[in-house]
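The chain contents come next:
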Amino acid sequence: MEQYLILFKNDFDDFVERLAKIQKLVAPVKRGSKSFAFDEVTAAEDVSLNYIPTILPPKKYFMPQNETIVEYEKKQNKWEAILYSEAITLFGVHTCDLAGIQCLNLVFSDRPNDVHYIIRKKRILIIGLECNDYCDEYATCGLMDNHNANGGYDLLMTELEDRFVIHVNTVDGEELMGKLAMVKPADAESMTMLNKMRNKKREVFQPEIDIERKELKPLFEESFQAEVWDSIHEKCLSCGNCTNVCPTCYCYDVEDEIDLDFNKGKMVRKWDSCQSRPFAMISGGENFRPERGGRQRHRYMRKFNYPFEKYNRYFCTGCGRCSRTCMAKINLKETIETLIEEKK
Amino acid sequence: MKRKTVAFFDFTCCEGCQLQVANFGEELLDILAAIDVVMFREVMSEKSDEYDVAIIEGSITTPHDVERIKEIRETATTVIALGSCASIGGINGMKNSFKLEDVQSYVYGEDGKNYFETIPTMAVHQVVDVDYFVHGCPIYPPEFVKILKYALQGLPYTVKDEAVCVECKLNENECMYEKGLTCLGPITKAGCNSWCINYGNICYGCRGMVKETTKNASIDVIKKYDIPMDWIMGKFDMYNKATESEEKK
Amino acid sequence: MERTVLLKSPYVASEGRIIESRFLTKEEKYFKIALKGGKLLDFVPGQFVMVAIPGAGEAPISISSSPSQVGYFEIVVRKVGTFTSAIHMLEEGDMIGIRGPFGSGFPVRMLEGNDMLFIAGGLGIIPLRSLINYVIDNRRDYGKVSILLGCKSPENLLFSDELDEWQQRLDVNLACTVDRAAPDWDGNVGLITSLIPGVTLDSHMTYAIVVGPPVMYKYVLTELVKKEVPESQIYVSFERHMKCGVGHCGHCQMGSLYCCKEGPVFNYAKIKDNIEAL
Amino acid sequence: MARSVNVDVKYLTRVEGHGNIVVNVKDGIVEECRLDIVEAPRFFEAMLRGRSIFEAQHITSRICGICACGHTISSIAAAEDAIGFTPSEQTTKLRKILLYQEMLDSHILHIYLLVAPDLLGVPSFVPLIDTHGNVVKRALRMKKACNDVCAVLAGRHIHPISSIVGGFTKIPGEKELDAMLDILYDMRPDMDSTVELIKTLAPAIPVFERETEYVALVTDDDEYPTLEGDLGSSDGLRLDKSEYLKITNEFVMPHSSAKHAKASRKSYMTGALARFNINSEKLNPKAKAVADALGMKPPIINPYMNTAAQLVECMHYMEESIAILEDLKANGTDQSEAITVGLNERNDIKVNKGLGVGAVEVPRGLLFHSYEVDETGKIENANCIIPTSQNVNNIEHDMSKLIHEILDKPDEEITLMFEMLVRAYDPCISCSAHFLDVEFINR
Ligand SMILES: Cc1cc2nc3c(=O)[nH]c(=O)nc-3n(C[C@H](O)[C@H](O)[C@H](O)COP(=O)(O)OP(=O)(O)OC[C@H]3O[C@@H](n4cnc5c(N)ncnc54)[C@H](O)[C@@H]3O)c2cc1C
Ligand code: SF4
Ligand code: SF4
Ligand code: SF4
């Protein structure tokens, strides 16, 4: 049965403290002068409720940057697939990042499914945090329809004046709220406030680019030869920041790490970037994406074209991280706008 | 596996990279169990003219260095360039931006050049073949151990051709460009785990540049800042002057 | 952090033992491998395995033997880097990890009853050999069999004994060419494309299977189209950078296709419009 | 007895950098007695010209891996003096910790890995792994501890990352302070064992005396001076640091890529023994206790005792680091002081034209850096004078006296005595291969 709860802001400190006692609690915290990151917290004062997308998306908890997947013993010729995981409550996930996690779920459930990912995911409880307004000018969540949550959470909190309304989406979420023993069912007043806020959101969030969402796929499909890739080629530094910060980029490398005794060792999965030069290089020396422009095109295709073919879903959540992080100022919005221009 | 005999040699450098090795703490004993160190002048008096693996620290800056490195190459089956000075010329390469007589007389007076021979700074591979490169000023200990393991197994190892930014992002540092500062992370080879940025400083490019030349794009980015152009160029040259011509190839 | 052993992970390797090994050329080494406990590697020609060596990593390697050989399978590896150097140091009795088989193989059933034209350039013969031997082992199920082989120079020719055997069979046509001639070479000199015009074929009945280095495809495919072989009757097999073998790591992507999963064998008609494929 | 001796030690081992000892005695007459510095010259001062003053620290740290923090701090002191910047109190405290840890680290390395093998009669610490496993492990552990403190504070000991002109790019918070304190508390028992060990080895320290001048920083307060102070000597000299050239009086000797120095006499000594001789009453009480236990009273004129003075200092720097850290912990650190300057793109630091000098005590003695910058912060002239280059001259005078006292000993023993003498100074030869422009002195 659908269930809404309320938490008054006065109780928020207590709420966070209790959450932290149950299991490891992870929430957005301030990092540097203008940036944020998901990190372990124990008290409400550590948490930044008002934050723009974190440097890395929460994917780092689902597929860690460095993840041991196999341990071996050479002399015994023993290979074991290993998972190191822990129970985590992930607090304060924006709606775009909820969508990002949903994309990863699709990929790693694709056969043969990646049990490492799937089991780890099961141990993470997700508490979403609804965005009432834009983070900044880089976001395109309106266009991608991710300013509202479309599932993907156990609990979703919406901040309203003096309180939070909490939507309980799963039994796990319900259980957690039970354990806290401090939230009450939402009253009619709270629900009215929630609806009012959602109505207002409808005005605030509009497609940031003048294109219909369903037109994005054909736009990119036909853009292989577009000139915009050439101008991006000139600007791009190939640093790989855009892919590492993207909530839906999941490419990885697997490295072998043997101990100094040359017997025990492990295979470690590490994030990799299609923007790095050797990414698509093969043994004869051929590089299938030697040009930075081509590599950027590939990145865009993997957001707006290929996954749509495969999963009927765009893999851009509109979080704006790629544009925010790019020191060469390659901007997703501008790229799409230029493509629209070019097509005319 | 038979333990390989290993000798350390230093050329023109600060000896910090050898010291990084000496600084491993008790882990040094694990390393010493895997190899047989026959020469390590900084901490040992033993000497040997026979060794399988020669670990070379420092750049080649005198005619005598050239002779010595050639002899070492002939004896060793494996040569490892340790640290920026050896692997890319490093800090010593800044000298190459000046006329040799000028630096000699500036430091040692007009007669300087008569006492102290010097030639343009070279990385080790610019004189003899090098099998493994351990970049960094100083070397990043985990990377050294990693490469050593490949060397001891007799397997080739290529430093991944990607930028320090990659590691910097994975460590979730706030970007220097976000703070209004310039940083050489985007064009510098990764492998140090973005050491400097993790500690709040910028990347100085000590590991050499990634293969793909994006220096121009990078100058475009940096030009927006209010700093003299020759300082921008100086940034690139601090470590990479000696090997800059290779980058053009 | 809790440590869990995952039995069903796609990353667990089976134990393989090298039961025979030898250098075919200076750069290529051959290995015959048996899985522990006589386990069967259930594969079709064109598939590949991920081979693991502790300390050196993992690499995708084509299965070169025919599935009609039982009790073992064969691979041939060229030394190009870390993993490939490590495997070159291994010998009879050494153990390696094997994952797979992975990828789509050649549609052997569908090919039955048709004429076969095999075209292999360079290392392309390694995976193709699996299918050729399969076809020869089941010779009566197939029509005419022609094999065109090309490589850099005579020293690079792989499986020369086997080539001789094929050559001597009446029911197989074999033609060979090298890019650079040695003085004692009495065969063809020239690119592999130069052999195609000389082949007589019934284009409706013929399935062409092309495997070779990336540069080769464009030219060979043009020649085949000239010979009026229908695009849907041409199969190709590609090499791409691969790390997982199971369609997740992203390295082998060509357009929207994952070479390791949807490939490495592709029907030409289906991928000819994929800009990143050819 | 007229005898001939020919000592020719090529590439003296267990010292930093390349040096050769040449002693040539013919029929009882000393013809040659030299320490040659054969390290390739590196020309740092020349390379600094034209660069931003904000790069000076990063570059000059690379003069020497073993004294990287010392160079860093002296370079920063000179740069800040030149551009007219005054560091905060917190910054000064943090810099002291860095400096103390480097002294400690370097002394430990010297005592255990470089000198102890001589006292135990083995060629290096490697054979000691089997015979004195615990001692070697302790040495490595203590060294690592110092490194770890530097790593927490500044990212690493060799070429520290976060210590820059203007302050620190990262300020230790409570967690980091605790981490450093824990490491140092854990080090205390190891330090006590070290003192015990040296007490047993002390009788093996050669007895040889020669009077000379000792030079170190001096102050009027009661802190053992390292980071700030005037230049003082046992002959009564006292000068402001800006007058450092009057003390160093460098001159070029053709046999060495190091320049030589002399103050009031033919030569002087700087380093742990000099500091002890001049400032011993300012030592931490625990360090004084170590000196007492070794029976050390200033002035000590046996250069071999430099190693003992280093041990006394080890205790001092460890305890003083702990004291500063405890103080920072009690009062909390100000994170807002963290500053990243880069090339001063944001003009965070105001730059004035000027000439600045940094005079800092580092493991081997006084280290001078000096820069002249224009109003944009561009380095116009640079100069660095390294302790070893100040000591080389003194070493040679020691050698000349020593040779006469041991002429009747066998060649191997003479060689060993010389090697031990040079090693006692803990010469940092890679440092000493960079010297100033004579022109610049006289200007
Ligand atoms: C489906 C498939 C079948 C293959 N079959 C064979 C075979 O039968 N025999 C054979 O000798 N080789 C085969 N290869 C190529 C082989 O996988 C590579 O040579 C090997 O991975 C290189 O590993 P390395 O560690 O030696 O090289 P590295 O030291 O890692 O690098 C050397 C070069 O190889 C490239 N490379 C690295 N990893 C891969 C990878 N996973 N896939 C492709 N290129 C890579 C690098 O970009 C670089 O150019 C096949 C490749 C694929 C994709
Ligand atoms: S492509 Fe950019 S905006 Fe879209 S999800 Fe990735 S990082 Fe966010
Ligand atoms: S701080 Fe430097 S290394 Fe890090 S992302 Fe920014 S540019 Fe790259
Ligand atoms: S961050 Fe840059 S300067 Fe620092 S260690 Fe890494 S490559 Fe060198």
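The rules we used
Residues numbered from 1 in each chain as written. Chains lettered and ligands numbered in written order. Predicted model: local features only at pLDDT ≥ 70, side-chain atom pairs only at ≥ 80, totals over all residues. Heavy atoms only, no water. Domains from an automatic or database assignment. Contact = heavy atoms within 4.5 Å. Buried area = accessible area lost by both parts, 1.4 Å probe. Salt bridge = Lys/Arg side-chain N within 4 Å of Asp/Glu carboxyl O. Helix = DSSP H or I, 4+ residues; strand = E, 2+ residues; numbered from the N terminus. Near = heavy atom within 4 Å. Nonpolar A, V, L, I, M, F, W, Y, C, P; charged D, E, K, R; others polar. Core = buried A, V, L, I, M, F, W, Y, C linked by side-chain atoms within 4.5 Å. Buried < 20%, exposed > 50% of the residue type's maximum accessible area, 1.4 Å probe, protein only. Pairing = 2+ DSSP bridges. Axes fitted to C-alpha atoms, helices over the stretch in contact; angles between N-to-C directions.

Peer 1: Please give an account of the domain arrangement of chain A that cites residues and values.
Peer 2: Frequently, the measure chosen for interface size is the accessible area removed from exposure when the parts meet. Residue and element names in this part refer to chain A. Structurally, chain A comprises domain 1 (3–67 + 83–204) and domain 2 (213–343). Here the C-alpha centre of domain 2 lies 26 Å away from the C-alpha centre of domain 1. Taken together, the contacts link 38 residues of domain 1 with 33 residues of domain 2. Summed over both partners, the interface of domain 1 with domain 2 buries about 3100 Å², with 59% contributed by carbon and sulfur atoms. Broken down residue by residue, the surface that domain 1 buries against domain 2 is led by Lys59, Tyr138 and Met144, which jointly contribute 21%. One can count five salt bridges joining domain 1 with domain 2.

Peer 1: How would you explain the environment of Gly124 of chain C if you had to name every residue and give the values?
Peer 2: All names here are of chain C. Positionally, Gly124 belongs in the loop between β8 (115–121) and α3 (125–137). Residues Gly124 and Gly150 lie 26 residues apart in sequence; the distance between their C-alpha atoms is 9.2 Å. Excluding anything up to four places from it in sequence, Gly124 contacts Val211 and Gly212.

Peer 1: Tell me about the site of ligand 2, and please be specific about residues and values.
Peer 2: By nearness alone, every residue bordering ligand 2 is listed as Cys246, Pro247, Lys303, Cys316, Thr317, Gly318, Cys319, Gly320, Arg321, Cys322 and Leu332 of chain A. Its residues placed into classes, the shell around ligand 2 shows six nonpolar, three polar and two charged.

Peer 1: How would you summarise the interface of chain B and chain C if you had to cite specific residues and measurements?
Peer 2: Taken together, the six residues of chain B in the interface contact eight residues of chain C. Approximately 460 Å² of surface area, both sides summed, lies buried where chain B meets chain C, with 60% of it carried by carbon and sulfur atoms. Of all residues in chain B, the largest losses of buried area upon contact with chain C belong to Gln153, Leu155 and Pro156 of chain B, amounting jointly to 77% of the total for that side. Here the residues of the side of chain B that touches chain C sort into four nonpolar, two polar and no charged.

Peer 1: So what's going on with the site of ligand 4? Which residues, and what values?
Peer 2: If you check the shell around ligand 4, you find Val164, Thr188, Cys192, Cys196, Ile197, Cys203, Tyr204, Gly205, Cys206 and Arg207 of chain B together with Arg156 of chain D and nothing else. Each of chains B and D places residues near ligand 4. Split into classes, the residues belonging to the shell around ligand 4 amount to seven nonpolar, two polar and two charged.

Peer 1: Which residues make up the nonpolar core, and what values go with them?
Peer 2: Judged by nonpolar contacts, the single largest core of 391 residues is most densely connected at Phe15 of chain A together with Leu224 of chain C. A total of 15 residues in this core trace back to one element, the largest contributor, which is helix α4 (residues 89–120) of chain D. Ignoring any residue separated from it by four or fewer positions in sequence, one finds Phe15 of chain A in contact with Leu7, Phe91, Met157, Ile166, Met177, Leu180 and Met182 of chain A.

Peer 1: How would you sum up the sheet that holds β8 of chain C? Please name residues and give values.
Peer 2: Paired through backbone hydrogen bonds, the strands of a sheet run either parallel or antiparallel to each other. Residues and elements named next belong to chain C. Sheet architecture is open: seven strands sit in the order β11-β10-β9-β8-β12-β13-β16, paired in mixed fashion. The open sheet has two free edges, formed respectively by β11 (188–189) and β16 (265–267), since each of these has just one partner strand. Bridge count for β8 against strand β9 (residues 145–151) is six bridges, and the pairing is parallel. Directly across from Leu117, in β9, lies its bridge partner Ser146. Relative to the sheet, α3 contacts β8, β9 and β12 (206–211), its axis offset from that of β8 by approximately 160 degrees. Strands β8, β12 and β13 (234–237) of the sheet are contacted by helix α5 (residues 214–226), whose axis makes an angle of about 165 degrees with β12.

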